[in-house]
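# Fold and contact review
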Amino acid sequence: MISKRGFYPMKMSKIAAVALLVMLNGAAAAGYAAQEEQVQVQEEVQAKADEEQAADIKAIIAGNEAYQKHDLTNALKFYRQAIELNEQSTPAHINCGVVLRESGRLEEALAEFKIAQHLEPENRVVYLSLGLTHVEMQKYQEAIEDYSKAVELDAEEPLAYMNRGILYRNNRQYEAAAADFTKVIELRAEGGRAYKER
């Protein structure tokens, strides 16, 4: 019969009680040692992951520095290195795509942005990048859809409204263009150009 305390009440000799305590303490000690071992292994795994992530981030930073110097060749090399270290790095894929687009390699750029889109489908920067690439590929309807998705994800993103407004204007959708330019003015970003475009 189980008592209210959750154990079987029984009488035992002092020797049996001591033996039980030794056994329980031994099991607890063994369990503690196993737990400590698991914690140590987890810490080692986490340290390796942090080290790899740090290497990934260092490669992105090196790529950004090369990009700022207009050294697209080395920027691309560093971004690809970051991707090799961490295939799930959305910033590395986006930055790689930007360099490829600026190098005129539009299909490759589009592929990188699609990977980034797959990794983070709710990232507005992905859609802004896709939009710019589609414009350069003269795929204007796709670009409008990209900018519309960026607006859906972040209604405070002036660049998406501005670029979509320009596409609407070029497509003679003047009311939609005016609405987008007005929104840019409301957001007070690029207001001068938006006011002129409107």
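Residues numbered from 1 in each chain as written. Predicted model: local features only at pLDDT ≥ 70, side-chain atom pairs only at ≥ 80, totals over all residues. Heavy atoms only, no water.

### Topic: the pattern of salt bridges
Any two side chains of opposite charge can pair if their charged atoms end up close together. Inspection of the entire model under this criterion finds seven salt bridges. With a shortest N-O distance of 3.1 Å, arginine 124 and aspartate 154 are connected by a salt bridge. With arginine 124 in helix α5 (residues 124-136) and aspartate 154 in the loop between α6 (140-153) and α7 (158-170), this residue pair connects regions lying 30 residues apart in the sequence. Between glutamate 157 and arginine 124 there is a salt bridge, with the nearest N and O atoms lying 2.8 Å from each other. Placement of the pair is glutamate 157 in the loop between α6 and α7 and arginine 124 in helix α5, with a sequence separation of 33 residues. (Salt bridge = Lys/Arg side-chain N within 4 Å of Asp/Glu carboxyl O. Helix = DSSP H or I, 4+ residues; strand = E, 2+ residues; numbered from the N terminus.)

### Digging into the nonpolar core
In this structure, Tyr79, Ile94, Cys96, Phe113, Val126 and Leu130 are the most contacted members of the largest nonpolar core, which totals 38 residues. When contributions to this core are tallied by element, the ones reaching two or more residues are α1 (14-68), α2 (72-85), α3 (90-102), α4 (106-119), α5, α6, α7 and α8 (174-187). Those residues in contact with cysteine 96 that sit more than four places away from it in its chain are Leu76, Tyr79, Arg80, Ile83 and Glu112. (Core = buried A, V, L, I, M, F, W, Y, C linked by side-chain atoms within 4.5 Å. Buried < 20%, exposed > 50% of the residue type's maximum accessible area, 1.4 Å probe, protein only. Contact = heavy atoms within 4.5 Å.)

### Quick word on the packing of α3 against α5
Here α3 crosses α5 at 20°, and the two axes come no closer than 11 Å. Of the possible angle classes, the one that applies to α3 and α5 is roughly parallel. Considering only the axes of α3 and α5, their crossing is left-handed. Residue-level inspection shows Thr90, Ile94 and Arg101 of α3 in contact with α5, the latter providing Val125, Val126, Ser129, Leu132, Thr133 and Glu136. (Axes fitted to C-alpha atoms, helices over the stretch in contact; angles between N-to-C directions. Parallel < 35°, antiparallel > 145°, perpendicular 65-115°, else oblique. Left-handed = near helix turned anticlockwise from the far one by under 90°.)

### Description of the environment of serine 89
Among the secondary structure elements, serine 89 is positioned in the loop between α2 and α3. Spatially, the C-alpha atom of serine 89 lies 9.7 Å from that of isoleucine 115, the residues being 26 residues apart in sequence. Apart from residues no more than four positions distant in its own chain, serine 89 is found in contact with Asp56, Ile60 and Leu119. A polar side-chain atom of serine 89 sits 3.2 Å from the main-chain amide nitrogen of alanine 92. (Polar contact = N/O pair within 3.5 Å; in protein donor to acceptor, adjacent residues only side chain to side chain.)

### Thoughts on the packing of α5 against α6
With their axes 8 Å apart at the nearest point, α5 and α6 run at an angle of 165° to one another. Accordingly, the angle class assigned to the pair α5 and α6 is roughly antiparallel. For the crossing formed where α5 meets α6, the hand is left-handed. Residues Arg124, Tyr127, Leu128, Leu130, Gly131, Leu132, His134 and Val135 of α5 pack against Tyr140, Glu142, Ala143, Asp146, Tyr147, Lys149, Ala150 and Leu153 of α6. A per-class count over the contact of α5 with α6 returns ten nonpolar, two polar and four charged. (Nonpolar A, V, L, I, M, F, W, Y, C, P; charged D, E, K, R; others polar.)

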